[in-house]
Amino acid sequence: MAQSRVWHPFTQHALEPSIPEIVLTEGAYLHKADGSRILDAISSWWVVTHGHRHPRIMKAIETTASNLDQIIFAGFTHEPAERLAEALVGLAPAGLDRVFYSDSGSTSIEVALKMALGYFRNIGAPRSRIVVMEHSYHGDTIGAMSVGARGVFNAAYEPLLFEVDTIPFPAAGREQETLDRFEALSRDRRAAALIVEPLVLGAGGMLMYPAWVLTELKRITEAAGTLLIADEVMTGWGRTGTMFACEQASVSPDILCTSKGLTGGTIPLAATIATDAIFQAHYSEDRKKTFFHSSSYTANPIACAAALANVEIWHDEPVADRIAALSERQAAGLRRFRDNPRFTDCRTTGTIAALDLRTGSAGYLAEIGPKLRAFFLERGLLVRPLGNVLYLLPPYCITGNELDGLYDAIEEAGERFGSKP
Ligand SMILES: *Cc1c(COP(=O)(O)O)cnc(C)c1O
């Protein structure tokens, strides 16, 4: 192939001169041009849920494409968007009634932040502070970066990021500090919203915290009149064992963001689902109170149809059983590392398993990251550690044997790259 013109995401091209080409995706596998295949143990960056190219979703895409392409969504509507909104309200925690479409996780976050500020302005009690959790990740646009952890990823853009208030990550045994800090920050009633990844902080290192902490955070937001934004972009669609992670805390957020698994991981779509109160704050004969947000491809009909097919799969196939079985396997699989001195912090939440490799260096830029990635790729496994954090976040169609192969490889990686205490 001639030299590629493509600039890849999160890729240091000087260190990764050759990038494999994928010609076919199927179930849990990516097929390369040379006929070999790679087991996709991270669901192609957390998007694929049932497996690559579920036939029902692909069929819906085909069928819809024979009638509809993009249509302007201001002043017009279409059946896939209407039916999907109805379905999403049915699936989301109680009280979330209004669906605003966009096209990526990051934009769903921007929309949520704008809704929160618009809400307080429109009810005549402006608030503009946003409270965030340490180690969070909410996307790569300026607003989403502003509410996410600061670090090497966004150091160059820091001058453009807005100021936020941060509560500590609720590490095991120190949860009360998080709640106390949030309670203190809530006292002056300047916080428009608390934004959190419920139960699992993904890009921050697959950090997990118990559901009761989320329940308590919600209680504090209610007492202070602060909105709770649940970023379920990664945790949604069964990843943590339930449809949405908030369910495990019996929490109904004021705004919920969903994207990655929304179309089963086939084509881009996002939704920001809000309470009726937030919608009503924008509902007025005063045009100034309009929610001023759109992206050109909002509510793409083909993407909405793909998402609807995904919802139908949840209704018609034993998806919950598959998730329960996968979750058990992940918990059992990690048990074998509990006494392995080369690993620490074995943890699972639903279908997500993670553990830290004991090495001399930690953090995303740790030298070990690329070495581990190459190690797994040589074995036909797509595992993409976050620094020294190894995690498996597979599509739900992965088999027990395939998982066993992954745990074997992780054990071998421990022997090769891990150090003992
Ligand atoms: C991936 C992710 C996002 C950003 O989604 P994009 O579609 O990549 O813009 C936001 N929040 C969380 C929790 C994510 O994991």
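Per an unreviewed UniProt entry, the protein chain goes by the name Adenosylmethionine-8-amino-7-oxononanoate aminotransferase and belongs to Mesorhizobium wenxiniae. Per UniProt, the comment on the protein chain under Subunit (unreviewed entry) is "Homodimer." Comment text from UniProt for the protein chain, heading Sequence similarities (unreviewed entry), reads "Belongs to the class-III pyridoxal-phosphate-dependent aminotransferase family. BioA subfamily."

A. Representation of the overall build of the protein chain within the structure. Counting secondary structure elements, the protein chain contains twelve helices and 16 strands. Taking 22 Å as the expected radius of gyration for a compact globule of 421 residues, we find that the protein chain reaches 21 Å, a close match to that expectation. Its C-alpha atoms put the protein chain at 65 × 55 × 45 Å along the principal axes. Sorting the 421 residues of the protein chain into buried and exposed places 52% on the buried side. A fraction of 71% describes how many contacts in the protein chain between residues 6 or more apart in sequence connect residues 24 or more apart. In the form shown here, the protein chain has an accessible surface area of approximately 19,400 Å², with 53% of it arising from carbon and sulfur atoms. Computed over 39 positive and 49 negative side-chain charges, the separation of the two mean positions in the protein chain equals 3 Å.

B. Structural view of the packing of helix α2 (residues 55–65) against helix α9 (residues 301–316). Closest axis-to-axis distance for the α2/α9 pair is 8 Å, and the angle between their directions is 145°. In terms of crossing hand, the pair formed by α2 and α9 is right-handed. Taking contact as the criterion, the partners of Arg56, Ile57, Ala60, Ile61, Thr64 and Ala65 in α2 are, on α9, Pro301, Ile302, Ala305, Ala306, Ala309, Asn310, Glu312, Ile313 and Asp316. When grouped by side-chain class, the residues that make up the contact of α2 with α9 number ten nonpolar, two polar and three charged.

C. Highlighting the domain arrangement of the protein chain. By domain assignment, the protein chain separates into domain 1 (57–316) and domain 2 (318–417). The C-alpha centroid of domain 2 is placed 28 Å from the C-alpha centroid of domain 1. Contacts between domain 1 and domain 2 engage 19 residues on the former and 19 residues on the latter. Each partner contributes to the roughly 1,500 Å² buried at the junction of domain 1 and domain 2, and carbon and sulfur atoms together form 73% of this total.

D. Expanded view of α2. For α2, the complete set of buried residues consists of Ile57, Ala60, Ile61 and Thr64. One side of α2 holds all its buried residues, which, seen down the axis, span an arc of 100°. Away from its buried face, by an angle of more than 90 degrees, α2 presents the exposed residues Pro55 and Glu62. Buried residues belonging to α2 abut α3 (79–91) and α9.

Cut-offs applied
- Residue indices follow the written sequence of each chain, beginning from 1 at its first position.
- Restriction of local features to residues with pLDDT of at least 70 applies here, the model being predicted, together with a cutoff of 80 or more for giving and counting side-chain atom pairs; totals for whole chains, interfaces and linings are based on all residues.
- Here the side-chain values reflect all heavy atoms present in the structure, with hydrogen atoms and water set aside.
- UniProt positions are given in the numbering used here, feature names are shortened, and annotations may be inferred rather than shown by experiment.
- A run of H or I in DSSP counts as a helix once it spans at least four residues, and a run of E counts as a strand once it spans at least two, with each numbered from the N terminus.
- Between the two quantities, the radius of gyration covers C-alpha atoms and the globule rule is 2.2 Å times the number of residues to the power 0.38.
- Burial classes: relative accessible area under 20% of the type maximum marks a residue as buried, over 50% as exposed, and values in between as partly exposed (1.4 Å probe, protein chains only).
- Contact definition: two residues touch when any of their heavy atoms are within 4.5 Å.
- The protein chains shown are the only cover counted for residues, whose accessible areas, like all others here, come from Shrake-Rupley with a 1.4 Å probe.
- His is not counted, nor are the chain ends, whereas Lys and Arg count as positive and Asp and Glu as negative.
- For charged residues, the charge sits on one atom: NZ in Lys, CZ in Arg, CG in Asp, CD in Glu.
- Inter-axis angles, ranging from 0 to 180 degrees, are taken between N-to-C directions of lines fitted to C-alpha atoms, where helices are fitted over the stretch in contact.
- Whether a crossing is left-handed or right-handed is set by the direction in which the near helix is turned from the far one by less than a right angle, anticlockwise for left-handed and clockwise for right-handed.
- Three residue categories are used. Nonpolar comprises Ala, Val, Leu, Ile, Met, Phe, Trp, Tyr, Cys and Pro, charged comprises Asp, Glu, Lys and Arg, and polar comprises the others, including Gly.
- How far each domain reaches was decided by an automatic or database domain assignment.
- Put simply, buried area is how much 1.4 Å-probe accessible surface two parts lose in total, over both of them, once they are put together.
- The reported arc concerns the directions from the helix axis to the C-beta atoms and nothing else.

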